[in-house]
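One letter stands for each residue in the lines below.
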Amino acid sequence: MDSITLYGALNDNCLWTIVLVAFAIVVIGYRGWPIWSFLLFFLLYGFGAPYWLLTAAAIVALILHIKPIRAQLVSRPIMNLLKRLHVLPSISETERVALDAGTVWVDGEIFSGAPDFKAILKDPYPELSAEEKAYLDGPVEELCRITDDWKIFKEQDLPFEVWEYIKKEKFFGLGIPKQYGGLGFSPSGMNAIVSKIGTRSIPLCVDVMVPNSLGPAELLIHYGTDEQKAYYLPRLAKGEEIPCFALTEPNAGSDAGAISSEGIIFKGTDGLLYIRLNWNKRYITLAAVSTLLGLAFQLRDPENLLGRGIFPGITCALIPTKTPGVVLGKRHNPLGVPFINAPTEGHDVVVSVDQIIGGVVQAGNGWKMLMETLAGGRGIFLPALGRGCSKKISLVVGAYGTVRQQFHLPIGKFEGVEELLARIGGHTYLLEAISRFTCGALDKGKKPAVISAIAKYTSTELNRLVVNDAMDMVGGAGIILGPRNLIGHSYMSLPIGITVEGSNILTRSLIIFGQGMIRCHKYAIKEMEAIQNNKVGDFDTVFWEHIHFAIRNSFRSVLLSITRGYLAPAPVKGPTAKYYRRLTWASATFALLADLALVTQGGALKKKEKLSGYFADALSWQYLAICALRRYEAEGRKAEDLPFVEWACEQALANIQEAFDRIFNNFPVPVIGSLLRGPVAMWSRLNTLGVKPSDKRSHQVVEALLNPGPHRERLKAGVYLPKVSNGFPEPMVQLEEAFRALQECREIYDKINKATKAGALKRDDSKQPFLSAMEAKVITPSEYDQLLKTEKLRNEVVQVDSFTLEEMPVNIRR
């Protein structure tokens with residue numbers, strides 16, 4: 001062979017050159033090197049090619065390499081074509097505000113196709129301050145102690161002394177800075193406080209949670225004038241003002257931008273500017289008892305007195321509820337859960353323009369305020385409720401599965417029940433991980449809007465699964481309401497968390513991927529802006545970087561699939577390393593599919609809510625797996641936690657695979673859709689990302705719930721567990737006592753069971769329990785007494801409540 005060339009090698013069937021070429025192309029593609037690298041490689045190895053082919057390749061390489069030439073000859077026509085065909089969605093001003101609210105965090109890593117797990121693991125894991133821990137052990141513990149949840153449900157409100165304690169200990173000022181008389185706690189601190197209160201009473205939790213979430217205090221902290229902060233924040237922190245925030249209307253729910261409440265600017269006889277307000281709001285927590293009402297409304301300025309146009313837009317203002325025209329005095333009944341929720345109306349309510357939050361300069365900026373506040377707030381409070389509820393339920397069902405017997409066996413030993421317990425334990429581990437990891441980012445001042453939406457959506461959905469599984473397991477004990485029922489009120493409350501702060505349907509189908517695709521994608525929003533602003537230079541830069549990005553993810557997705565992720569590095573060694581590799585594989589596939597959806601659907605992607613929901617599932621479960629892995633590392637890789645993190649990751653990978661399969665089967669583009677439904681889907685089924693946790697893994701999780709041990713003990717952290725009875729029934733105390741007593745008697749029960757199996761002892765149901773065992777000297781008299789006490793405890797905790805006909809009257813006559 002005269003020369004070692006690509007062309008000559010092919011003609012001479014030089015196998016090693018073909019292999020070298022193929023290897024080089026794969027490396028260039030996998031590493032994401034610029035597209036002209038392919039052409040340069042061809043030139044280096046193509047000296048034997050025809051002159052015309054080499055010349056053409058050289059010209060193309062030159063055009064692509066020299067930016068000014070490329071921009072005019074290639075990028076400009078492409079940009080004009082994309083604009084004409086509306087390939088990329090345009091961004092309205094309302095969408096722009098929503099997209100600009102918040103920051104990108106781990107979600108950006110997932111969209112990159114190559115997440116930097118080393119950087120993620122280096123992120124400091126949140127820890128509570130000494131002050132926050134003292135508040136949890138002091139005022140929060142005491143608030144839970146003086147609260148009787150059953151009494152709250154009977155009387156449909158918190159007792160007076162509980163309200164007074166809330167004010168005294170500044171529970172309405174958890175996040176208000178200390179300089180204004182508040183407690184100044186971090187997002188992690190507020191999450192932990194709300195989580196623990198939720199383990200005692202859902203109504204109590206909601207009444208405390210909402211004033212610290214989206215409301216007057218939060219808006220004042222970020223946008224208020226110095227005068228507004230100085231006056232209102234100390235009063236809010238001390239409970240001198242009871243706040244509420246009125247946003248939702250009969251015709252404006254999830255579509256908050258459609259609010260019709262109106263404020264009209266006018267000049268008073270004194271020459272000052274005022275707003276005349278009219279509104280009709282509903283579902284407003286604390287409205288019925290509020291003294292300060294935060295109001296979102298459409299501001300109109302017919303005479304342009306503010307100099308901001310005749311329709312400045314959505315505005316937020318503070319309305320003292322004693323102002324004439326404010327209508328309160330009614331309550332809603334939210335599924336019988338007695339937190340204070342109410343409608344409110346305003347009829348020709350007149351306030352000064354100085355009541356606009358932030359003053360006149362913030363007129364028309366209400367939508368921005370709401371979006372920026374929700375960008376972080378969604379990640380704190382509803383995840384806290386899910387976190388606390390699931391931990392409490394894990395303790396309850398673990399104990400109940402041991403205490404409750406059927407067919408002479410604890411019900412937790414039945415495989416059908418074990419399936420439920422495994423899901424409860426695994427999802428609880430995830431819920432704790434989501435809260436802590438997400439709040440850790442918020443502690444550092446980040447406002448990851450998409451991640452907060454994922455946290456809200458997944459926390460409320462997983463908590464729904466936990467509570468439903470628990471209800472299935474305990475059966476009638478969860479259905480019959482009364483002081484003994486530890487699960488029923490959580491079940492009644494579930495739809496509330498699902499609905500508020502953006503319904504889960506909206507969050508999944510529109511926000512998580514719909515906003516995430518534009519906000520978190522490395523190039524999408526830059527390309528849209530360049531096209532809208534007709535900036536060829538900017539478009540040229542980001543478009544070709546996007547092409548390199550797409551090529552890299554295509555190669556990475558294929559190669560990581562073939563190698564089942566083992567081509568990707570893992571930041572740790574040990575049993576969890578494989579999950580990092582699988583998640584890298586998942587991220588590359590997700591990024592490639594997201595690009596396909598963006599390019600082929602463009603603006604129509606906004607209307608493909610089912611497809612967007614499948615992408616949201618894939619994105620959400622990648623984040624959840626990262627949360628679980630980060631928690632496992634941060635807590636020191638505890639051996640007792642390994643089954644839980646493995647269960648969580650295996651469940652996550654199986655759900656990601658299911659989401660990918662749905663995308664393959666429903667991709668709405670003829671040629672690409674056929675490829676995805678056909679060979680790609682077939683390969684995906686043969687080479688799946690993961691399958692759901694095995695029975696063996698599930699059994700390991702369940703054993704940790706049913707038996708005393710370090711994992712079960714750590715579950716108790718953040719759950720209110722009364723030390724003694726508080727003068728009213730404490731079923732958690734009784735259940736834990738019965739659980740401990742049964743564990744202490746385990747060896748005694750084992751002796752009886754062995755003797756029965758060996759035939760040395762016959763079961764005699766006519767005799768007092770265990771008497772025959774003592775008579776046969778299988779157990780000692782002291783052990784017999786211990787068993788009687790334990791069985792008395794067991795019998796007590798499996799009872800349910802009943803009420804006299806005076807307490808629950810009936811109208812039928814006997």
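Residues numbered from 1 in each chain as written. Predicted model: local features only at pLDDT ≥ 70, side-chain atom pairs only at ≥ 80, totals over all residues. Heavy atoms only, no water.

S.K.: When you look at the nonpolar core in this model, what are you seeing that I'm missing?
M.R.: Here is a general trend for soluble globular proteins: nonpolar side chains tend to be buried in one another's company. If you look at the biggest cluster of nonpolar residues, it comprises 137 residues, and the most contacted ones within it are Tyr623 and Phe660. For this core, the element with the highest residue contribution is helix α27 (residues 609-634), accounting for 15 residues. Leave out the neighbours within four places in its chain, and Phe660 touches Ala586, Thr589, Phe590, Leu593, Ala618 and Leu689. Met209, Ile265, Val351 and Ile380 belong to the second largest nonpolar core, which has 66 residues in total. (Core = buried A, V, L, I, M, F, W, Y, C linked by side-chain atoms within 4.5 Å. Buried < 20%, exposed > 50% of the residue type's maximum accessible area, 1.4 Å probe, protein only. Helix = DSSP H or I, 4+ residues; strand = E, 2+ residues; numbered from the N terminus. Contact = heavy atoms within 4.5 Å.)

S.K.: Where do I start with helix α9 (residues 130-145) in this structure?
M.R.: Every α-helical turn comprises 3.6 residues, leaving residues that sit three or four positions apart pointing alike. In this model, α9 (16 residues) spans 22 Å end to end at C-alpha, consistent with the 22 Å of a helix rising 1.5 Å per residue. Along α9, the helix axis deviates most sharply at Leu136, where the bend reaches about 35°; the proline Pro139 sits within four residues downstream. Of the residues making up α9, those classed as buried are Glu132, Tyr135, Leu136, Pro139, Val140, Glu141, Leu143 and Cys144. Considering only its buried residues, α9 is in contact with α11 (160-168), α12 (187-198) and α13 (202-212). (Expected span 1.5 Å × (residues − 1). Bend = angle between axes of the 7 residues up to and from the residue.)

S.K.: I tried to follow the environment of Glu169 on my own but got confused; where do I start?
M.R.: Within the fold, Glu169 resides in the loop between α11 and α12. C-alpha separation for the pair Glu169 and Leu183, spaced 14 residues apart in sequence, amounts to 9.4 Å. Residues within four places of Glu169 in sequence aside, it is in contact with Tyr135, Pro139 and Leu183. Of note is the side chain of Glu169, whose polar atom sits 2.9 Å from the side chain of Lys168. (Polar contact = N/O pair within 3.5 Å; in protein donor to acceptor, adjacent residues only side chain to side chain.)

S.K.: How should I be thinking about the pairing of strand β7 (residues 341-352) in this particular structure?
M.R.: On a regular strand, each side chain points to the face opposite its neighbour's, so the side chains alternate between the two faces of the sheet. Two elements, strand β3 (residues 273-285) and β7, share 9 bridges in a ladder whose sense is antiparallel. Counterpart to Trp279 in the pairing with β7 is Gly346. Relative to β7, strand β6 (residues 326-327) is paired through 2 bridges, and the arrangement is antiparallel. In the strand pairing of β7, Val327 is matched with Glu345. (Pairing = 2+ DSSP bridges.)

S.K.: Honestly, the packing of helix α14 (residues 216-223) against helix α16 (residues 366-377) in this entry has me stumped. Any pointers?
M.R.: Relative orientation of the contacting elements α14 and α16 amounts to 105°, with a least axis distance of 11 Å. It follows that α14 is roughly perpendicular to α16 by the angle criterion. Residues Glu218, Leu219 and Tyr223 of α14 form the contact with α16, whose participating residues are Lys368, Met369, Glu372 and Thr373. For the contact of α14 with α16, the residue count by class is 3 nonpolar, 1 polar and 3 charged. (Axes fitted to C-alpha atoms, helices over the stretch in contact; angles between N-to-C directions. Parallel < 35°, antiparallel > 145°, perpendicular 65-115°, else oblique. Nonpolar A, V, L, I, M, F, W, Y, C, P; charged D, E, K, R; others polar.)

S.K.: Please explain the side chain of Lys229 as it appears in this structure.
M.R.: Looking at where Lys229 falls in the secondary structure, it is placed in helix α15 (residues 226-237). One buried charged residue, Lys229, remains without a salt bridge, the closest side chain of opposite sign being Asp226 at 4.9 Å. At 3.4 Å, the side chain of Lys229 and the backbone oxygen of Ile221 are in polar contact. For Lys229, the contacting residues outside a window of four places in its chain are Tyr180, Leu220, Ile221, Gly224 and Pro234. (Lys, Arg positive; Asp, Glu negative; His and termini not counted. Salt bridge = Lys/Arg side-chain N within 4 Å of Asp/Glu carboxyl O.)

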